[in-house]
Amino acid sequence: MSQEIDEFDFLEQENSSLSARKSQNGSSKEPKTFTENIRQISPNKKIFILSNKNSSVSMGDFVSLIMKKKLIARALVAKTNSGLAGLKILKIYNTRLWKKLYKKGSVHLLKGDDSYYLAQLRESKKKKKESDKKKSLIRGTEDLFNDTIVLDEEKEFEDSDKNRKIKSDNLISVHFGRIGGVSTSGNPKEYNQLSVHWAYQLQENIFIEASYGQNIIRDFPAMGLDSKLSNFVLKAKYAFNTPLNTILFPYLGYQVINASSPGEGVYTTGMTTTDIEAEAALMNSLRKKAFIFGATVLKKLVPGWFTRLDLGTDFYSLGFGLEF
């Protein structure tokens, strides 16, 4: 991230110099922009997913967001894929217009040099300084690009982001755990199961998570037969900071366990009606639909990577994952 900011600062210095040269040589013409549609906005409005018609932008491009011929923000194209572009907001110039950006709306983009609009911004700040020197936060040209340019609303934006226990919106992980079932004798028994989990930060510290696990039970419901156990879980979770640099997620959810076997209910030589009914009863004892509760403990390892422990009425597991 520091490398991105260094590149951004360098670019703004270049734009500032270019703007000064253009001012000396006469007024510059308004640059051509292109319009893209907003497909998705993260809850903290730091990440934008836009359409990328005709591959207008590429990964690593610096772009400016324009509305009503006014500079809104500066962003970096973090990723492009399948006609879409992911933008990370680096600097906000006009908070009022930035707040008006919404999903399914549109925005004008300018790739590269935005000195034309930076010159307008400087002129606007200059007039504000002349009209109200006491309230102005610009005391010289060196303050044109400092952190005070967005005023108190940018501070509110940063403070809101600091309240998030996890800054990223998405968490994905792979788990190895134990899930409850029954043995062929009908007694309680646990089985190993591999599962995948995806959590999304719906609002600040509020997550929804979907998971799917699957395993094969050998010689169940009878010798020579195998059964597949599928585990679907949907959870709502809330994040709390806990000691030792961990995060606790108490959760409530709903679990659906399905069991299937190619030999279920199939008659073979020597079987009686009682045998078939007993196998069907064993299969039904594996199936489950119920509300569940529990907690997840997440421990960050290095930036972007974490390990986690899940303990609940649905199952218990140890996982390893990535945030993005």
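Nothing here was measured: the structure is a model prediction, and the numbers come from that model. (Residues numbered from 1 in each chain as written. Predicted model: local features only at pLDDT ≥ 70, side-chain atom pairs only at ≥ 80, totals over all residues. Heavy atoms only, no water.)

### Considering the environment of Ser 51
If you trace the backbone, Ser 51 turns up in strand β2 (residues 47–51). For the pair Ser 51 and Asn 81, spaced 30 residues apart in the sequence, the C-alpha separation amounts to 9.7 Å. In this structure Ser 51 touches Glu 36, Asn 37, Arg 39, Gly 83 and Leu 84, once residues within four positions along its chain are discounted. There is a polar contact of 2.6 Å between the side chain of Ser 51 and the side chain of Glu 36. Reaching out from Ser 51, the side chain makes a polar contact with the backbone nitrogen of Asn 37 at a distance of 2.9 Å. (Helix = DSSP H or I, 4+ residues; strand = E, 2+ residues; numbered from the N terminus. Contact = heavy atoms within 4.5 Å. Polar contact = N/O pair within 3.5 Å; in protein donor to acceptor, adjacent residues only side chain to side chain.)

### Overview of helix α5 (residues 273–286)
Owing to its 3.6 residues per turn, the α-helix aligns residues three or four sequence positions apart on the same side. Over its 14 residues, α5 extends 21 Å from the first C-alpha to the last, a length consistent with the 20 Å expected when each residue adds 1.5 Å. What α5 keeps buried is the set Glu 279, Leu 282, Met 283 and Leu 286. Down the axis of α5, the buried set is contained in an arc of 95 degrees. They therefore lie on one face. Exposed and facing more than 90 degrees away from the buried side of α5 are Thr 273, Thr 274 and Glu 277. (Expected span 1.5 Å × (residues − 1). Buried < 20%, exposed > 50% of the residue type's maximum accessible area, 1.4 Å probe, protein only. Arc of directions from axis to C-beta.)

### Here's the deal with the pattern of salt bridges
Applying the stated criterion across every chain yields a total of ten salt bridges. With its nearest N and O atoms 2.8 Å apart, the salt bridge here joins Arg 308 to Asp 310. As far as burial versus exposure is concerned, Arg 308 and Asp 310 are alike and both buried. A network of salt bridges, in which partner residues are shared, links Glu 209, Lys 235, Lys 237, Arg 308, Asp 310 and Asp 314. (Salt bridge = Lys/Arg side-chain N within 4 Å of Asp/Glu carboxyl O.)

### Brief notes about the sheet that holds strand β6 (residues 106–111)
Judged by pairing direction, the barrel is antiparallel, and its six strands sit side by side in the order β1-β2-β5-β4-β3-β6 before closing back on the first. With strand direction ignored, the average angle separating the axes of adjacent strands in the sheet is 45 degrees. Pairing analysis gives three bridges linking strand β1 (residues 34–41) to β2, with the strands arranged antiparallel. Within β2, the residue paired with Ile 38 across the bridge is Leu 50. (Pairing = 2+ DSSP bridges. Axes fitted to C-alpha atoms, helices over the stretch in contact; angles between N-to-C directions.)

### Looking at the confidence of the model for the protein chain
If pLDDT is low for a region, its predicted coordinates should not be looked at in detail. Here the protein chain averages 81 in pLDDT, and 79% of its residues register 70 or above. Contacts of residues 17–27 to residues separated by more than four positions or lying in other chains number nine contacts, the stretch itself having pLDDT below 50. Confidence drops under pLDDT 50 across residues 148–157; counting only partners more than four residues distant or on other chains, this segment forms 17 contacts. (pLDDT = per-residue confidence, 0-100.)

### Quick notes on the nonpolar core
Among the nonpolar cores identified, the biggest contains 21 residues, and Phe 48, Leu 65, Ile 72, Leu 87 and Leu 101 are the most heavily contacted of them. If you list the elements that add at least two residues to this core, you get β1, β2, β3 (62–67), β4 (70–81), β5 (84–92), α2 (95–99) and β6. If sequence neighbours within four positions are ignored, Leu 101 has contacts with Ile 38, Ile 41, Lys 45, Phe 48, Leu 65, Met 67, Ile 72 and Val 107. Judged by nonpolar contacts, the second largest core, of twelve residues, contains Val 182, Leu 282, Met 283 and Phe 315. (Core = buried A, V, L, I, M, F, W, Y, C linked by side-chain atoms within 4.5 Å.)

### So, the packing of aromatic side chains
Counting across every chain of the model gives seven aromatic pairs. Considering the side-chain rings of Phe 207 and Phe 249, the 5.5 Å spacing of their centres and the 80 degrees angle between planes classify their relative orientation as edge-to-face. In this pair, Phe 207 sits in strand β9 (residues 206–217) while Phe 249 sits in strand β12 (residues 246–260), placing the two residues 42 residues apart along the sequence. Of the residues examined, Phe 249 reaches a relative accessible area of 2% and is grouped as buried. (Phe/Tyr/Trp six-rings, centres within 6.5 Å; stacked < 30°, edge-to-face > 60°.)

### Remarks on the pairing of β12
In the sheet, strand β10 (residues 227–238) pairs with β12 via ten bridges, with the strands oriented antiparallel. Bridge assignment links Ser 230 to a residue of β12, and that residue is Asn 258. Of the pairings in the sheet, the one linking strand β11 (residues 240–242) to β12 comprises three bridges and is antiparallel in character. Bridge pairing links Phe 240 to Leu 248 in β12. In terms of strand pairing, β12 meets strand β13 (residues 288–302) through twelve bridges, oriented antiparallel.

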